[in-house]
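Residue-level listing of the chains:
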Amino acid sequence: MPAYCDLSLQFLRTDLYDGFVTDFDAALERAGLAFWAGYWNAEGCTREEIAAWNQGKLTADFQLGCTEHCTHDYKQTLYRFAPYSHVRGFWMNRNPEEEVFTYFILFLEREVLMEEDGICFQRERVEELLELAGRLWQFSPVRSIQTGLELSGGPVGLGALRAGEPPCAEAFAIVEPGCLIGPYRAVELTEGRPGRLLLEERHLIGPAVQGRLF
């Protein structure tokens, strides 16, 4: 299995409502992620069928048990998003904290990173993901957007962020106003929904990232 880079979007269970997944799918479409197909146990499913299934699972506060078959889990989606060859999205409930659920959007690491010493992102790819993240940030239930790699260890919980722990930002993160900056360069977002963009510039190669999100 190839290694993946991810955007992870965190939500509070208190913000869940009927029709949430359908509204989120529309936000993904507006941001540029075009539905392509169901994935894994959702091959042949429509976007509407996947949304209905996942809405039911989130409403029931479902989390796959250790002995349950994977067909009971949340259904996954493939998207078209040039120039990436494989873009996949899926839900994880009670992750990374009990009252939080997360949507992961995966990209192939080899299409985002460069072959250099250490972790090095191509700035052009980061600009594309920044623009995608900025558009998704306008979906108001999103509480943080973090970036990770295969071995990053997963996103930081919202409770931990609000308590002062820095997010997982291998390339960047977007957090609510008031969250601590940590070791990152911060850009206050003033267009559209307020937020704080955190950039991990040590991992970037190429011309300076401008923080252009819209």
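Here we take up the overall build of the protein chain. Secondary structure summary: the protein chain contains 4 helices and 11 strands in total. Burial status across the protein chain gives 53% buried among its 214 residues. Put simply, of all contacts in the protein chain between residues at least 6 apart along the chain, 63% involve residues at least 24 apart.

With respect to the helices, strands and loops of the structure, N95 is situated in the loop between β4 (84–93) and β5 (100–108). For the pair formed by N95 and F11, sequence separation is 84 residues and the distance between their alpha carbons is 9.6 Å. Residues contacting N95, with those up to four places away along its chain left out, are V100, F101, T102, F104 and P155.

Relative to the assigned elements, E111 resides in the loop between β5 and β6 (121–122). The side chain of E111 sits in the buried core without any salt bridge; R110 is the nearest counter-charge, 5.0 Å away. When neighbours within four sequence positions are excluded, E111 is seen to be in contact with Y84, S85, H86, Q122 and R125.

Looking now at helix α3 (residues 123–137). Taking 1.5 Å of rise per residue, 15 residues should cover 21 Å, and α3 covers 20 Å from first to last C-alpha, within 8% of that figure. Among the 15 residues in α3, 12 count as buried, and that is most of the element.

Turning our eyes to something else, we now look at the side chain of R125. Looking at the element boundaries, R125 is found in helix α3. Relative accessible area serves as the criterion here: at 11%, R125 is assigned to the buried category. A distance of 3.4 Å separates the side chain of R125 from the side chain of Y84, its partner in a polar contact. Among all residues touching R125, those that are not within four sequence positions of it are P83, Y84, E111 and V112.

Definitions and limits used
All chains use their own residue numbering, which begins from 1 and follows the written sequence. Selection of residues for local features in this predicted model requires a pLDDT of at least 70, selection of side-chain atom pairs for listing and counting requires 80 or more, and totals for whole chains, interfaces and linings are taken over all residues. The side-chain quantities take in all heavy atoms of the structure and omit both hydrogens and water. Segments assigned H or I by DSSP are reported as helices when at least four residues long, segments assigned E as strands when at least two residues long, and all are numbered from the N terminus. For every residue, the accessible area (1.4 Å probe, protein chains only) is compared with the maximum for its type, and the residue is labelled buried under 20%, exposed over 50%, or partly exposed between those bounds. Every residue pair with non-hydrogen atoms within 4.5 Å of one another is taken to be in contact. Positive charges come from Lys and Arg, negative ones from Asp and Glu, while His and the chain ends are left out of the count. Basic side-chain nitrogens of Lys or Arg form a salt bridge, by our definition, when they fall within 4 Å of a carboxyl oxygen of Asp or Glu. The span you would expect from a helix comes to 1.5 Å times its residue count less one. Polar contacts here mean pairs of N or O atoms no more than 3.5 Å apart (in protein, one a potential hydrogen donor and the other a potential acceptor; neighbouring residues in sequence count only if both atoms are side-chain atoms).

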